[in-house]
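Okay, here's what each chain looks like letter by letter:
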Amino acid sequence: MDRTEEKLLVFSDMVLKDAAHKKQEILEKAEAARKEMVEAGELRLLKTAHDGIQDSLRAMGRASNEDVSRTILESKQALFTRREEIITAVFENVAARIAAFRKTPEYRDYFKRRIHEGFEALGQGEVQVLVDDEDRALAESLHAEIGRPYQGADAQDVLGGGCLFVNRTTGRMCDFSLQRQMEVERQTFLERYELSLEG
């Protein structure tokens with residue numbers, strides 16, 4: 001072989017080695033770029049998946065909170081309804097007992113005491129005693145026993161027993177009706193047993 005061929009072979013070998021080296025660098029760079037793109041894609045996919053999971057968790061949390069709130073509200077409404085039923089039953093029983101009491105001889109004495117108390121509370125003047133229809137005959141029968149003139153009248157409202165006094169001279173009024181007394185007792189009952197209807 002001649003020297004030129006030898007040089008040509010050496011040169012060719014160098015060019016091939018250099019080309020192989022550059023090829024290797026290009027392949028390494030391409031592999032690094034591919035890995036970077038794959039990692040970036042994986043990160044995007046992971047972030048999308050994470051965001052989706054977080055959105056789902058928030059939606060489930062909202063739905064769960066709404067369910068809990070709805071259940072609490074329904075429970076409070078059921079409790080409120082039951083409480084009203086109990087209160088109504090208690091005071092219907094009281095009203096029935098009052099109605100029975102109004103038919104007894106003891107009611108006459110009670111009614112008479114209430115009339116005396118009304119006169120004491122209002123003092124002197126032109127007094128009007130208001131009673132409901134059921135007590136009109138009783139009030140008229142007691143009129144002579146009271147020893148003080150007064151004007152009887154039918155009450156516009158249901159008194160449920162007892163009477164309402166109006167002093168026309170002084171403008172003062174006293175409510176000795178059983179209906180008013182029952183309202184006071186109802187309020188006391190609600191406060192005592194912490195059953196306020198405001199919730």
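Quick notes on the rules
- For every chain, the first residue of the written sequence is number 1, and numbering continues from 1 onward in sequence order.
- Given that this is a predicted model, residues contribute local features only at a pLDDT of at least 70 and side-chain atom pairs are listed and counted only at 80 or more, while totals for whole chains, interfaces and linings are drawn from all residues.
- Neither water nor hydrogens contribute to the side-chain values; these are computed over all heavy atoms in the structure.
- In DSSP terms, a helix is any run of H or I states spanning at least four residues, a strand is any run of E spanning at least two, and both are numbered starting from the N terminus.
- Given the number of residues in a helix, its expected span is that number minus one, multiplied by 1.5 Å.
- Two residues qualify as a contact provided that any one of their heavy atoms is within 4.5 Å of a heavy atom in the partner residue.
- Note on aromatic pairs: the rings of Phe, Tyr and Trp (six-membered ring only in Trp) are paired at centre separations within 6.5 Å, and the planes decide the class, stacked below 30 degrees, edge-to-face beyond 60, tilted for the rest.
- Relative accessible area decides the class of each residue, using a 1.4 Å probe on protein chains only: under 20% of the type maximum gives buried, over 50% gives exposed, and in between gives partly exposed.
- Polar contact criterion, stated in full: a pair of N or O atoms within 3.5 Å, where within protein one must be able to donate a hydrogen and the other to accept it, and residues adjacent in sequence count only if both atoms are side-chain atoms.
- Patch members must show over 30% relative accessible area and no salt bridge, and they are joined within 9 Å when carrying like charges or within 5 Å when they are nonpolar side chains of Val, Leu, Ile, Met, Phe, Trp or Tyr.
- Computed by Shrake-Rupley with a 1.4 Å probe, the accessible areas treat only the displayed protein chains as cover when residues are assessed.
- Here, a salt bridge means any Lys or Arg side-chain nitrogen found within 4 Å of an Asp or Glu carboxyl oxygen.
- Side-chain atoms within 4.5 Å link the members of a nonpolar core, which is a set of buried Ala, Val, Leu, Ile, Met, Phe, Trp, Tyr and Cys residues.
- Following DSSP output, two strands are said to pair if at least two bridges run between them.
- Known as pLDDT, the predictor's confidence for each residue is given on a scale from 0 to 100.
- Here an angle of 0 to 180 degrees is reported between the N-to-C directions of two axes, which are lines fitted to C-alpha atoms, with helices fitted over the stretch in contact.
- Orientation categories follow fixed angle ranges, with anything under 35 degrees roughly parallel, anything over 145 roughly antiparallel, 65 to 115 roughly perpendicular, and all other angles oblique.
- Each crossing gets its handedness from the near helix: less than a right angle anticlockwise from the far helix is left-handed, clockwise is right-handed.
- Residues are grouped as follows: Ala, Val, Leu, Ile, Met, Phe, Trp, Tyr, Cys and Pro are nonpolar; Asp, Glu, Lys and Arg are charged; every other residue, Gly included, is polar.

**Thoughts on helix 1 (residues 3–101)**
Under the 1.5 Å per step criterion, the end-to-end length of helix 1 is 144 Å for 99 residues, consistent within 8% with the ideal 147 Å. Tucked inside the fold, the buried residues of helix 1 contact helix 4 (178–192).

**Let's talk about the packing of aromatic side chains**
Throughout the structure, instances matching the rule amount to seven aromatic pairs. Taken together, F101, Y107, Y110 and F111 form an aromatic cluster joined through their ring pairs.

**What about the side chain of S177?**
By the element assignment, S177 lies in strand 4 (residues 173–177). Overall, S177 belongs to the buried group, its relative accessible area being 3%. Looking at S177, its side chain comes within polar contact range of the side chain of D175, at 2.7 Å. Of note is the side chain of S177, whose polar atom sits 3.1 Å from the backbone nitrogen of R180. If we skip the residues at most four places from it in the chain, S177 touches L159, G161, G162 and C163.

**Quick notes on a nonpolar patch on the surface**
Judged by side-chain polarity, L8, F11 and V15 come together as a nonpolar surface patch covering roughly 310 Å² of accessible area. Within the element layout of this structure, F11 appears in helix 1.

**Notes on the nonpolar core**
In terms of nonpolar packing, the biggest core is built from 24 residues, with F111, I115, V129, C163 and F165 touching the most fellow members. Those elements that place two or more of their residues in this core are helix 1, helix 2 (105–122), strand 1 (127–131), helix 3 (136–146), strand 3 (162–167), strand 4 and helix 4. When residues of this core are assigned to their parent elements, the largest contribution, six residues, is made by helix 2.

**What about the pairing of strand 1?**
Across the five residues that make up strand 1, a large majority, five, are buried. The side-chain alternation of strand 1 yields two buried faces, one formed by V127, V129 and V131 and the other by Q128 and L130. Here strand 1 runs beside strand 3; their pairing, made up of four bridges, is antiparallel. Paired with V129 across the two strands is F165, which belongs to strand 3.

**Brief notes about the confidence of the model for the protein chain**
Confidence along the protein chain averages 81 in pLDDT terms, with 90% of residues attaining 70 or more. Within the protein chain, helix 2 carries the highest mean pLDDT (87), whereas strand 2 (residues 151–154) carries the lowest (59).

**Section: the packing of helix 1 against helix 4**
Closest axis-to-axis distance for the helix 1/helix 4 pair is 12 Å, and the angle between their directions is 150°. The orientation of helix 1 relative to helix 4 falls into the category roughly antiparallel. In the crossing of helix 1 with helix 4, the sense of the turn from one axis to the other is right-handed. For the pair formed by helix 1 and helix 4, the contact residues are I87, F91, V94, A95 and I98 on the first element and L178, M182, E185, R186, F189 and L190 on the second. Counted by class, the contact of helix 1 with helix 4 contains nine nonpolar, no polar and two charged residues.

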